[in-house]
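Chain by chain, the residues run as shown.
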Amino acid sequence: MPLAINNELKVVFSKEFYAKKHVLWGILEDGRVVDASDIASKTSAMLGETVHVRTEDTEKRAFTFYTKTSTLGTIYFGSPEEHYVKATAIRHELYCSILEKILKTVSAEGEHPLTIEIVEELENPKQISINILPKLYLKTHENIWKNISEKAGEITSIPRSLLEDLIRKHTEYGVIAVFIKNKEKRIMQPTCKPPKHNIPLLPSSCPIGFIVGYTPNLAEWLVIYYDPIGYYGIGYYKINSEGKKFINLWKLKFSEKEKLGDYRLVEIRGKVSVRNWMDILSKNISLSSKLEEVIVKNNFSVENPNVFSAFFMVPVRKVSKSVEEYEVYVYSKYWTSPKLIRTKVKLASEHYLTGLNWVKKVNLTPSMKWSKILKQWRVLGRISLITACVLSILKG
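Residues numbered from 1 in each chain as written. Predicted model: local features only at pLDDT ≥ 70, side-chain atom pairs only at ≥ 80, totals over all residues. Heavy atoms only, no water.

## A closer look at the overall build of the protein chain
Condition: Counting from the N terminus, the helices are the DSSP runs of H or I reaching at least four residues and the strands are the DSSP runs of E reaching at least two. Exposure categories follow from relative accessible area, calculated using a 1.4 Å probe and restricted to protein chains: below 20% of the type maximum is buried, above 50% is exposed, and the middle band is partly exposed.
Helix and strand counts for the protein chain stand at eight helices and 21 strands. Projected onto the principal axes, the alpha-carbon positions of the protein chain cover approximately 80 × 50 × 35 Å. Sorting the 396 residues of the protein chain into buried and exposed places 52% on the buried side.

The structure is reproduced here in structure tokens:
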């Protein structure tokens, strides 16, 4: 279906998706009213003035957005047989709000990673498709290359300003943009700038203990676990073919034996292979080496091009034998900002897997909000002393 670039936004969905699969726009009678109100609220925030919405038909499918001084535009939610959404507007901000609402709804409020495929010319494409990826977050990029995704719909008409905004700020809409030309795929780079945070790696920089991990591609992770009782470990893990389990390939164990603060390498498990992205590690590793001889940097920056995502977990208190409360900093290259929360974490048999099993539940690929898998997540009402310490460490 050819793409028209004019002053209209029209998205045609697959019939099954629109009517049944993700209950687009809500089956409840007032579902579309709620969605239109959300669009008005978002536009109000962008314009800095109140945007009102009124329904234009008895079926509650057509709505008009307006302010005190002017009418901004309209939106029409098609019937299940029509399975499309169409909008016209005189303000770019309204178009942005409508597109963001569409993408949030398609992704089920962030539970499913999304891709937008732009075919042929980037500035004047012939086709734009919205696709849903499986919930195997850690295999998202691999799924893109293998075409393991479901086409939710196609954008068949789009204003030029919105197309340019989509290309320029695609990550803010919570999608991975894939540019396809001559049947070759290229994932467009994130448009947001990473925060200037340094993740501490040595006991001297965070004496209360931590679990820290980072990855270049979501499929392999370098994880460090530091316990103030005298243990420091480094593990290298890869995700298995099903994308559900982490496999340990090698591990280093350091112990504080002879004197306080002097950590020595006492055990090497597996065949150690230091990859280029593991630039915090020395390539010459041998038993009895000092920790500072193996960890050649006392921190790493999330601005490092090798870092796709990172997490930094600081224990707060023991809740039960198998559960601890943590302050968690999570960063992903596609997010416009990192997240710092407090949550309860179920402990694994080894602490490396505690961090990895937790981060596996998080949608580190673009999404409009956190995955809803962990129901106990909550926003911090007040910054705790631990949080303040974590922030000062990260910003230090």
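Next, the rest of the story.
## Describing the environment of Ala388
Relative to the elements of secondary structure, Ala388 occurs in helix α8 (residues 385-395). Sequence separation between Ala388 and Lys15 is 373 residues, and the spatial gap between their C-alpha atoms is 50 Å.

## So, the sheet that holds strand β17 (residues 263-270)
This is how it is decided: Think of it this way: DSSP has to see at least two bridges between two strands before they count as a pair. Axis definition: a line fit to C-alpha positions, over the contact stretch in the case of helices; interaxial angles, taken between N-to-C directions, run 0 to 180 degrees. We call two residues in contact when some of their heavy atoms are within 4.5 Å.
Sheet architecture is open: eight strands sit in the order β17-β16-β15-β14-β13-β19-β20-β21, paired in antiparallel fashion. Edge positions in the sheet fall to β17 and β21 (339-346), since each has one partner strand and no second. Averaged over all pairs of adjacent strands, the angle between strand axes in this sheet comes to 20°, irrespective of strand direction. Here strand β19 (residues 309-318) runs beside strand β20 (residues 323-332); their pairing, made up of nine bridges, is antiparallel. Within β20, the residue paired with Pro315 across the bridge is Tyr326. The strands that helix α7 (residues 351-360) touches are β13 (210-215), β14 (220-227), β15 (231-239), β16 (246-256), β19, β20 and β21; relative to β15, the one it contacts most, it runs at about 45°.

## Observations concerning the side chain of Ser97
Following the sequence through the fold, Ser97 ends up in helix α3 (residues 92-106). Ser97 gets classed as buried once you look at its relative accessible area, which sits at 2%. Look past the residues within four positions of Ser97 in its chain and what remains in contact with it is Ile39, Lys42, Thr43 and Met46.

## Some remarks on the pattern of salt bridges
Selection rule: Just to be clear on terms, a salt bridge is a Lys or Arg side-chain nitrogen sitting within 4 Å of an Asp or Glu carboxyl oxygen.
Applying the stated criterion to the full structure yields 22 salt bridges. With a closest N to O distance of 3.2 Å, Lys101 and Asp35 form a salt bridge. Of this pair, Lys101 sits in helix α3 while Asp35 sits in helix α2 (residues 31-47), and the two are 66 residues apart along the sequence. Grouping residues by exposure puts Lys101 and Asp35 together as buried. Between Asp38 and Lys101 there is a salt bridge, and its shortest N-O distance comes to 2.9 Å. Taken together, the residues Asp38 in helix α2 and Lys101 in helix α3 connect sequence positions 63 residues apart. You can call Lys101 buried: its relative accessible area is 9%. Members of the salt-bridge network, linked through shared partners, are Arg317, Glu325, Glu327 and Arg342.

## Section: α2
The condition that has to hold: Every helix has an expected span of 1.5 Å times one less than the residues it contains.
Taking 1.5 Å of rise per residue, the 17 residues of α2 would be expected to cover 24 Å, and the 25 Å separating its terminal C-alpha atoms lies within 8% of that figure. The set of residues buried in α2 consists of Gly31, Arg32, Asp35, Ala36, Ile39, Ala40, Thr43, Ser44 and Leu47. Two residues or fewer past α2, Gly48 is found with a positive phi of approximately 80°.

## Thoughts on the pairing of β21
Bridging between β20 and β21 involves eight bridges; their strand directions are antiparallel. Across the sheet, Val330 pairs through a bridge with Lys339, a residue of β21. In textbook terms, the turn of a hairpin is the stretch between consecutive antiparallel strands, and for β20 and β21 this stretch comprises six residues.

## Quick notes on the packing of α2 against α3
Selection criterion: Here the word oblique covers every angle except those under 35 degrees (roughly parallel), over 145 (roughly antiparallel) and from 65 to 115 (roughly perpendicular). When the near helix sits turned anticlockwise from the far one by under a right angle, the crossing is termed left-handed; a clockwise turn instead gives a right-handed crossing. The classification used treats Ala, Val, Leu, Ile, Met, Phe, Trp, Tyr, Cys and Pro as nonpolar, Asp, Glu, Lys and Arg as charged, and all other residues, Gly among them, as polar.
At a closest axis distance of 9 Å, the pairing of α2 and α3 adopts a crossing angle of 135°. In this view, α2 runs oblique relative to α3, as classed from their interaxial angle. Crossing geometry of α2 relative to α3 is assigned as right-handed. Where α2 abuts α3, its residues Asp35, Asp38, Ile39, Lys42, Thr43, Met46 and Leu47 lie against Glu93, Leu94, Cys96, Ser97, Ile98, Glu100 and Lys101. Split by residue class, the contact of α2 with α3 holds six nonpolar, two polar and six charged.

## Regarding the packing of aromatic side chains
Stated precisely, the cut-off is as follows: Only the six-membered ring of Trp is used, alongside the rings of Phe and Tyr, when aromatic pairs are assigned; centres must lie within 6.5 Å, and planes under 30 degrees apart are stacked while those over 60 apart are edge-to-face, with the rest tilted. Sitting over a ring, as applied to charges here, requires NZ of Lys or CZ of Arg to be within 6 Å of the ring centre and within 35 degrees of the ring normal.
In total, this model carries 19 aromatic pairs according to the counting rule given. A centroid spacing of 5.9 Å and a plane angle of 70° characterise the contact between Phe63 and Phe77, whose relative ring orientation is edge-to-face. With Phe63 in strand β4 (residues 62-66) and Phe77 in strand β5 (residues 71-77), the pair connects residues that are 14 residues apart, well separated along the chain. Residue Phe63 shares its accessibility class with Phe77, and that shared class is buried. Within the aromatic cluster, the residues linked to one another by ring pairs are Phe210, Tyr226, Tyr232, Phe254, Tyr263 and Phe312. Lys10 extends its terminal NZ or CZ atom over the ring of Tyr84, reaching a point 4.4 Å from the ring centre. Over the face of the ring belonging to Tyr66 we find Arg54, whose NZ or CZ atom lies 4.8 Å from the ring centre.

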